[in-house]
Amino acid sequence: MSLISPMRQTEPPAQPVRLLLINPRFPESFWSFRWALQELLPAKRALNPPLGLATVAALTPSHWQVTILDENIEALPLEPEADIVGIGGMAVQHRRQCELLAHYRSLGYRTVAGGSYASLSPNSYVNLADTIIVGESERTWPQFCSDYETEQVQAVYREEDRINLAESPTPRFDLLQLERYTTASIQFSRGCPFQCEFCDIPLLFGRRPRTKSLDQVGRELEALRAVSVNNVFFVDDNLIGHQPRARALLGYLAEFQRRHNYPFALGTEASVNLAADPELLGLFRNAGFRWVFLGIETPDTDSLAEAGKKQNLKGDLLEAVQNFYRHGIDVFSGFIVGFDHDTVASFSRLYRFIVHSGIQVAMLGLLTAVPRTALYRRLESEGRLRRDIPPGDNTGGKTNVIPLGMSYAEMTTGYARLYRRLCSNRAIAARIRNKLRHFGKTVPLGHRNRSEALTLAGRLMLRGILSGGLGRTSAFLWSLAGFRPTLWPVAMRDWAHALAIRAYAQRHLGATEAEEHERLRHTVQQFIRRLHRHLSQQSLELRTEPAGRRMCLRIIVQGDLAAIEAQVTARLLRRLLKHAPAVTVAVQLREASAHGRACINGLLEPLRHYADRITVEANRSLLSWLDSSVFRITAVTEQ
Ligand code: SF4
């Protein structure tokens, strides 16, 4: 039964309602590309802005005052000037979303939970949010706003139908700090006609794709062009879900790009059957699509059949990828291990396929069961779900699925090894060669800042290639050798992507063995001895704690630190974090004077580079000056 009542006409209240919309921090994942952002694009803080929140903002009454904060690019205020705090999130953000909901609710704010995970698992927000928005929000959100003004807010707003995308307004791009992201997002369609067993998209958005009109897309593109956005990601889960409309869109985009001298480099996601249609591929090229993400998943036909991925069984997958290259379009792809037909032999097969295909942005994931999907239901009935592992990030080396063809340990160890093999200099260079061999003329791009491109290339050479020593430098030269210079930018982009993926894999999929754990403990003990040579034992209390496969160094700051103590600690910690990727740090802060706080900043600031491995635990009184967009901050109860 729908909890939604018909719209009421209401007079705007005298004071505008203050709505704060928050995008919670993502834990570092494959998609963070943190190394590339930090080393190559320091002015950027994240890849994509929160398009869903910008759409919700556009659905909000114009007399309300709306602010969007993205914790991935900025710190969140602990006590914001707001009447309502709405927090969105995907499964991977669920933990942080819950922390934020609990925090703001405990301070008396009216809290609203939304986003894709609230739609999949609304029960996990009960007692955390005053209101939960389930399903698409184009009709339910205006209803919530209207009910808020008449004080009749309900606990759950559930969209039972599929909305007509013509009802979806132009997102409030003006509320986003687009200059801090590498790529702006835009959406043309929702829904996918296929039915892969593990996928939640048909469940969330249906199997009959719905689309916006070309005029709607045009308005959104004009809004992005007005603020000089260069890169645009069509976030559609399958842009060719409705082929006739996709063709119309591509024609429209080609005309738009030509008319404005190709302002946008475009990217999107599509199903593999696109590769079998050369005419459609040509339309993608003419529209300015520089890359397409494909869900290849696996080259194993039994596993594809098991997953219901019929569209991947119709042709040769290697040939499909090369068809994209021939049109000058790069391919990113998702791969999955852990299907019932997978065994320990699957890892080598996958390695060979990925290297031959030349796919550099190869998102390797462990098969993960998302609530309510067909896979989740099947595995639940077979007793093959691990309840201790949340179904968030499938690239973090853990999954809630108990495999059939190998043990859990064989699967996770094989997965980490496969990642490491793909990150070797030789495997990176070999993939580039296998790609460039087939790559056609690159997609046209309009005016680009030449000096910016040169700066980027210089940074990549200095911080990525030469810093990797002779082995990486010669692999880099080999990756370019014999190919025409117009293709070198494709190779440079691949190196940037590959080094970011490598940095992620080193930090998150490193140590797995017991000896490694012992080695880590030894490294941390050495650090502690060295630090104690410089500091009195009263300033800092240091402990080691095992943290799963990692080792956590706990630093308890006792009162005020001196500036020199902060500097020495930061210097040694940087060295430790650099050389021991499986070490994490928890900094525990107690009360501190203004001077002591400045010194703590002096300790934390040089560690920003390693922020994803640092947790800061602080008394509530200290929280307001800590930057939660950089470090993971948690509140500890005052003693
Ligand atoms: S083709 Fe992609 S979006 Fe469609 S159901 Fe399969 S995995 Fe999901």
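Now for a description of the structure that goes with this document. (Residues numbered from 1 in each chain as written. Predicted model: local features only at pLDDT ≥ 70, side-chain atom pairs only at ≥ 80, totals over all residues. Heavy atoms only, no water.)

## Overview of the overall build of the protein
Rules: The numbering of helices and of strands both runs from the N terminus, where a helix is a DSSP run of H or I of at least 4 residues and a strand a run of E of at least 2. Both definitions apply: the radius of gyration is a C-alpha atom measure, and the globule rule equals 2.2 Å times residues to the power 0.38. We call a residue buried when its accessible area falls under 20% of the maximum for its residue type, exposed when it is over 50%, and partly exposed in between, using a 1.4 Å probe and counting protein chains only. Each accessible area is a Shrake-Rupley result for a 1.4 Å probe, and residues are judged covered by the shown protein chains and nothing else.
Looking only at helices and strands, the protein has 22 helices and 19 strands in total. Computed over the C-alpha atoms, the radius of gyration of the protein is 25 Å, within 12% of the 26 Å expected from 2.2 N^0.38 for a compact globule of 639 residues. Based on the C-alpha atoms only, the size of the protein along its principal axes is roughly 70 × 70 × 55 Å. Expressed as a percentage of the 639 residues in the protein, the buried residues total 56%. Carbon and sulfur atoms form 53% of the exposed surface of the protein, whose accessible area is close to 27,200 Å².

## Digging into the packing of aromatic side chains
Here the distance between the centres and the angle between the planes together describe a pair of aromatic rings. How we decide: Only Phe, Tyr and Trp rings take part, Trp by its six-membered ring, and two of them pair if their centres are within 6.5 Å. Stacked means planes under 30 degrees apart, edge-to-face means over 60, and tilted covers everything else.
For the structure shown, the criterion picks out 20 aromatic pairs. Note on Trp291 and Phe332: the rings are 4.7 Å apart at their centroids and 10° apart in plane angle, and the pair reads as stacked. Within this pair, whereas Trp291 is found in strand S12 (residues 289-297), its partner Phe332 is found in strand S13 (residues 330-337), the two being separated by 41 residues in sequence. Residue classification places Phe332 among the buried residues on the basis of a relative accessible area of 9%. On the basis of an interplanar angle of 65° and a centroid distance of 6.4 Å, the ring pair of Tyr419 and Tyr504 is categorised as edge-to-face. Here the residue Tyr419 occupies a position in helix H14 (residues 408-422), and Tyr504 occupies one in helix H18 (residues 488-508), the gap between them amounting to 85 residues. Residue classification places Tyr419 among the buried positions, given a relative accessible area of 2%. On the basis of relative accessible area, Tyr504 is assigned to the buried category, the value being 2%.

## What about helix H16 (residues 450-465)?
What counts here: Take the number of residues in a helix, subtract one, and multiply by 1.5 Å to get its expected span. Directions from the helix axis toward the C-beta atoms define the arc. The contact criterion used throughout is that any non-hydrogen atoms of two residues lie within 4.5 Å.
The end-to-end C-alpha separation of H16 is 21 Å, in line with the 22 Å expected for 16 residues at 1.5 Å each. Residues of H16 that are buried: Leu460, Gly464 and Ile465. Along H16, the residues classed as buried sweep out an arc of 70° about the axis, all on the same side. Summarising the geometry of H16, the exposed residues directed more than 90 degrees from the buried face are Leu454 and Leu462. Turning to H16, the residues buried within the fold contact helix H1 (34-39), helix H17 (469-480) and H18.

## Re unusual backbone geometry
A positive phi angle is found at Asn261, which is not glycine, with a value near 60°. Secondary-structure assignment places Asn261 in the loop between helix H8 (243-259) and strand S11 (265-270). Asn261 gets classed as partly exposed once you look at its relative accessible area, which sits at 47%.

## As for the side chain of Thr395
Structurally, the position occupied by Thr395 is in the loop between helix H13 (374-381) and H14. With residues up to four places along the chain from it excluded, the contact list for Thr395 reads Ser29, Phe30, Met363, Leu364, Tyr415, Tyr419, Tyr504 and Leu509.

## Concerning the pattern of salt bridges
Which entries qualify depends on this criterion: Any carboxyl oxygen of Asp or Glu within 4 Å of a side-chain nitrogen of Lys or Arg constitutes a salt bridge here.
Applying the stated rule across the entire model yields 37 salt bridges. Between Arg18 and Glu81 there is a salt bridge whose closest N-O contact spans 3.4 Å. Residue Arg18 is found in strand S1 (residues 18-23), and its partner Glu81 is found in the loop between strand S2 (65-70) and strand S3 (84-87); the two are separated by 63 residues along the sequence. We classify Arg18 as partly exposed; its relative accessible area is 26%. Judged by its relative accessible area of 66%, Glu81 is exposed. Notably, a salt bridge pairs Arg247 with Asp277, separated by 2.7 Å at the nearest N-O pair. Of this pair, Arg247 sits in helix H8 while Asp277 sits in the loop between S11 and helix H9 (278-287), placing them 30 residues apart in sequence.

## Focus on the sheet that holds strand S14 (residues 362-366)
Which entries qualify depends on this criterion: Only when DSSP finds a minimum of two bridges between them are two strands counted as paired. For helices, the fitted line uses only the C-alpha atoms of the stretch in contact; every axis is such a line through C-alpha atoms, and the angle between N-to-C directions lies from 0 to 180 degrees.
Ordered in space as S7-S10-S11-S12-S13-S14, the 6 strands form an open sheet in which the pairing is parallel. The outermost strands of the open sheet, each flanked by one partner alone, are strand S7 (184-186) and S14. Within the sheet, the average angular offset between the axes of one strand and its neighbour, ignoring direction, is 20°. When S13 meets S14, the two strands line up parallel, connected through 5 bridges.

## Some points on the side chain of Thr140
Definition in use: Pairs of N or O atoms within 3.5 Å make up the polar contacts considered here, provided that, within protein, one atom can donate a hydrogen while the other can accept it, and that residues adjacent in sequence are counted only when both atoms are side-chain atoms.
Along the chain, Thr140 turns up in helix H5 (residues 140-149). Here Glu136 takes part through its backbone oxygen, which lies 3.4 Å from a polar atom of the side chain of Thr140.

## What about the environment of Met90?
Examined against the element boundaries, Met90 turns out to sit in the loop between S3 and helix H3 (94-106). In this structure, Met90 is in contact with Phe26, Ser116 and Tyr117, ignoring residues within four places of it in sequence.

## Considering the site of the ligand
Selection rule: In these notes, residues near a molecule or strand are those with any non-hydrogen atom within 4 Å of it. Classes in brief: Ala, Val, Leu, Ile, Met, Phe, Trp, Tyr, Cys and Pro nonpolar; Asp, Glu, Lys and Arg charged; the others, Gly included, polar.
In the region of the ligand, the neighbouring residues are Cys192, Phe194, Cys196, Cys199, Pro202, Lys309 and Gln311. Here the shell around the ligand is composed, by residue class, of 5 nonpolar, 1 polar and 1 charged.

## A short note on the nonpolar core
Threshold: Throughout, nonpolar core names a set of buried Ala, Val, Leu, Ile, Met, Phe, Trp, Tyr and Cys residues whose side chains join them through atoms within 4.5 Å.
Counting 119 residues, the largest nonpolar core has Phe234, Phe284, Tyr419 and Trp495 as its most contacted members. Of all the elements, H18 adds the most residues to this core, at 12 residues. Setting aside its immediate chain neighbours within four residues, Phe234 contacts Ile186, Phe188, Val217, Leu239, Leu249, Leu253, Leu266, Gly267, Thr268, Glu269 and Phe289. Within the second largest apolar cluster, 43 residues are counted, among which are Val583, Tyr610, Leu623 and Leu626.

## Looking at the packing of helix H12 (residues 346-357) against helix H15 (residues 425-436)
Keep this limit in mind: When an angle is under 35 degrees it counts as roughly parallel; over 145 it counts as roughly antiparallel; between 65 and 115 it counts as roughly perpendicular; any other value is oblique.
At a minimum axis distance of 6 Å, the contact between H12 and H15 shows a crossing angle of 50°. In terms of orientation, H12 lies oblique with respect to H15. Here Tyr351, Ile354, Val355 and His356 of H12 lie close against H15, whose contacting residues are Ala427, Ala430, Arg431 and Asn434. Looking at the contact of H12 with H15 residue by residue, the class counts come to 5 nonpolar, 2 polar and 1 charged.

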